[in-house]
Amino acid sequence: MASDALTALTRNLALPVIAAPMFLVSGPELVIAACRAGIIGSFPAPNARTVEALDAWMERMTRALAEDAGAAPWAVNLVVHRSYPRLLEELELVRRYRPPLVITALGSPAAVVAAIHDYGGLVFADVNSIAYATKAARAGVDGLILVCAGAGGHTGMLSPFAFVAAVRDFWDGPIVLAGGIANGRAIRAARALGADLVYMGTRLIATHESLASVEYRAMLVAATAEDVIATAAFTGVHANMLKPSIRRAGLDPERLKPRETIDFGDPQGTARPWKDIWSAGQAVGAIKRVQSVAELVGELRAEYDDPSLSAATRRGEPEAERLLS
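None of these values were measured; they are calculated from a predicted model.

Asks: Looking at this structure, how should I read the side chain of Lys 243?
Replies: Checked against the element boundaries, Lys 243 lands in helix H11 (residues 243-248). The residues contacting Lys 243, other than those within four sequence positions of it, are Glu 226, Asp 227, Val 228, Ile 229, Pro 253 and Glu 254.

Asks: In this structure, what is going on with the side chain of Glu 303? I would like to understand it.
Replies: Mapped onto the fold, Glu 303 is located in helix H12 (residues 293-305). From its side chain, Glu 303 meets the backbone nitrogen of Gly 184 in a polar contact 2.7 Å long.

Asks: Help me understand the packing of helix H2 (residues 28-37) against H12 in this model?
Replies: Helix-helix packing: each pair is described by the crossing angle between the helix axes and the interaxial distance. Across the interface, H2 lies against H12 with an axial gap of 9 Å and an inter-helix angle of 40°. For the element pair H2 / H12, the angle class is oblique. Handedness of the crossing formed by H2 with H12: right-handed. Note on element contacts: H12 touches H2 through Val 293, Ala 294 and Val 297, opposite Leu 30, Ala 33, Ala 34 and Ala 37.

Asks: Teacher, can you tell me more about the pattern of salt bridges here?
Replies: Opposite charge on two side chains permits pairing when their charged atoms draw close. A complete count under the given rule lists 11 salt bridges for this structure. A salt bridge links Glu 299 to Arg 203; the shortest N-O distance between them is 3.0 Å. Placement of Glu 299 in helix H12 and of Arg 203 in helix H9 (residues 202-205) is noted, with a sequence separation of 96 residues between them. The pair Glu 299 / Arg 203 is uniform in exposure class, with both members buried. When the shortest N-O distance is used, the salt bridge between Glu 299 and Arg 289 registers 3.0 Å. Separated by 10 residues along the polypeptide, Glu 299 in helix H12 and Arg 289 in the loop between H11 and H12 bring together distant segments of the chain.

Asks: How should I be thinking about the environment of Leu 177 in this particular structure?
Replies: Examined against the element boundaries, Leu 177 turns out to sit in strand E8 (residues 175-178). Distance from Leu 177 to Leu 193, taken between C-alpha atoms, is 9.4 Å for residues 16 residues apart in sequence. With residues up to four places along the chain from it excluded, the contact list for Leu 177 reads Leu 146, Cys 148, Pro 160, Val 164, Ala 190, Leu 193, Ala 195, Leu 197, Val 198 and Tyr 199.

Asks: Sorry, what's going on with the sheet that holds strand E2 (residues 40-44) here?
Replies: Neighbouring strands of a sheet are bound in pairs by backbone hydrogen bonds; such pairs are parallel or else antiparallel. Sheet architecture is closed into a barrel: 8 strands sit in the order E1-E2-E3-E4-E5-E6-E8-E9, paired in parallel fashion. Mean inter-strand twist for the sheet, computed between neighbouring axes without regard to direction, equals 25°. Summarising the sheet, strand E4 (residues 101-105) and strand E5 (residues 122-127) pair through 4 bridges and their orientation is parallel. Bridge assignment links Val 102 to a residue of E5, and that residue is Val 123. Packing against the sheet, helix H4 (residues 87-97) makes contact with strand E3 (74-79) and E4, and its axis sits at approximately 160° to E3. Contacting strand E1 (17-19), E8 and strand E9 (197-200), helix H8 (residues 184-193) runs over the sheet at an angle of about 140° to E9.

Asks: Explain the sheet that holds strand E7 (residues 153-154) here, please?
Replies: Taken in spatial order, the 3 strands make up an open sheet running E7-E11-E10, and their pairing is antiparallel. In this open sheet, the two edge strands, each paired with only one partner strand, are E7 and strand E10 (228-231).

Asks: Explanation requested: the packing of helix H3 (residues 51-66) against H4 in the structure shown.
Replies: Where H3 meets H4, the axes come as close as 10 Å, and the angle between the chain directions of the two elements is 20°. Of the possible angle classes, the one that applies to H3 and H4 is roughly parallel. H3 and H4 meet at a crossing whose hand is right-handed. Side by side, H3 and H4 meet where Val 51, Leu 54, Asp 55, Met 58, Glu 59 and Thr 62 of the first sit next to Glu 89, Glu 90, Leu 93, Val 94, Arg 96 and Tyr 97 of the second. Considered class by class, the residues forming the contact of H3 with H4 number 6 nonpolar, 1 polar and 5 charged.

Asks: Help me out: how do you make sense of the confidence of the model for the chain in this one?
Replies: Interpretation of this model should avoid reading the predicted coordinates in detail wherever pLDDT is low. Averaged over all residues, the pLDDT of the chain equals 89, while 90% of them reach at least 70. Below a pLDDT of 50 lies the segment residues 265-269, which in the model reaches 4 contacts outside its immediate sequence neighbourhood of four places, other chains included.

Asks: Would you take a moment to explain helix H7 (residues 160-168) for this structure?
Replies: Because each turn of an α-helix spans 3.6 residues, side chains separated by three or four positions in sequence point in the same direction. Taken as a whole, H7 has its buried residues at Phe 163, Val 164, Ala 166 and Val 167. Looking straight down H7, one finds that the buried residues subtend no more than 165° of arc, so they occupy a single side. As for H7, its buried residues are in contact with E5, helix H6 (130-138), strand E6 (143-147), E8 and H8. Regarding H7, its N-cap is Ser 159, as a side-chain oxygen of that residue lies 3.1 Å from the backbone nitrogen of Phe 161 further along.

Asks: Explain the pairing of E5 to me, please; I cannot follow it from the model alone.
Replies: Regular strands show a simple pattern: their side chains alternate between the two faces of the sheet. Counting buried residues along E5, 5 of its 6 residues qualify, which places the element largely inside the surrounding structure. When E5 meets E6, the two strands line up parallel, connected through 4 bridges. If you follow Asp 126 over to E6, its bridge partner there is Ile 145. Handedness of the crossover joining E5 and E6 through H6: right-handed.

Rules used throughout
- Residues numbered from 1 in each chain as written.
- Predicted model: local features only at pLDDT ≥ 70, side-chain atom pairs only at ≥ 80, totals over all residues.
- Heavy atoms only, no water.
- Helix = DSSP H or I, 4+ residues; strand = E, 2+ residues; numbered from the N terminus.
- Contact = heavy atoms within 4.5 Å.
- Polar contact = N/O pair within 3.5 Å; in protein donor to acceptor, adjacent residues only side chain to side chain.
- Axes fitted to C-alpha atoms, helices over the stretch in contact; angles between N-to-C directions.
- Parallel < 35°, antiparallel > 145°, perpendicular 65-115°, else oblique.
- Left-handed = near helix turned anticlockwise from the far one by under 90°.
- Salt bridge = Lys/Arg side-chain N within 4 Å of Asp/Glu carboxyl O.
- Buried < 20%, exposed > 50% of the residue type's maximum accessible area, 1.4 Å probe, protein only.
- Pairing = 2+ DSSP bridges.
- Nonpolar A, V, L, I, M, F, W, Y, C, P; charged D, E, K, R; others polar.
- pLDDT = per-residue confidence, 0-100.
- Arc of directions from axis to C-beta.
- Right-handed = clockwise from strand over helix to strand, strands pointing away.

What follows is the structure in structure tokens.
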């Protein structure tokens, strides 16, 4: 089963990459562009603000990718935490549109595995600890996505070296590695470490097809790793966020207090995470410019094939200023 699952997912891939599902960033255009460029495109179901909008999104993606026999598979990300109210309605749409891959996050995948396996889909669980990886494996998932230190948004605390080694002690199925992967050399290194695929998120925010604002993209171009802070202040779970966006919202990133309760519902309040306060991974410094998904994948492929290639010269602030003009 593990070998069959991996073969099904990688048959049309140009690179062993999943475009990570990013809240308020990943939409149909990004998913379709990723799949056509040869990487797995994914999006979080909550990005469609109503169930009716989600229905329309999934119909659009299904139709567009069915017309391209060479496209990579697409995936939908379901939030399975008990505080999330829309799961059952979203699962009904998953049954109807049958995405090849379903990614679960922020809770146990046990409630959805059987429904997805019924139509032949695969379930990969997003996990940020060895304990959660063990529980997800026992729930019958087909793959594990190991969210390591350095990942954008909700993040893990473990080094990828420790995490992969520990999980390989009990799991021989597909592993996706997430956290600080932003160029072709990092993709190749993840494969050498024992991962089958990688998650890439932050670099795809700075693409023309993402839902990110011009200001968000400009901030990414100008940012370095020193602009990223891990905090539990916004959802109750540690997430890597951009300090400049926190200051822009009128808050001091050095004086944030952890949230006492965990809540993954729609962000509320005057400074809303992901809406007003933006996420980024620790490899944000790899972003030199805003580009198309196809151009980015081509650049990654060249680096993956020839690890001696260096990244493009950083253009930095002038590019950020041009984006805002």
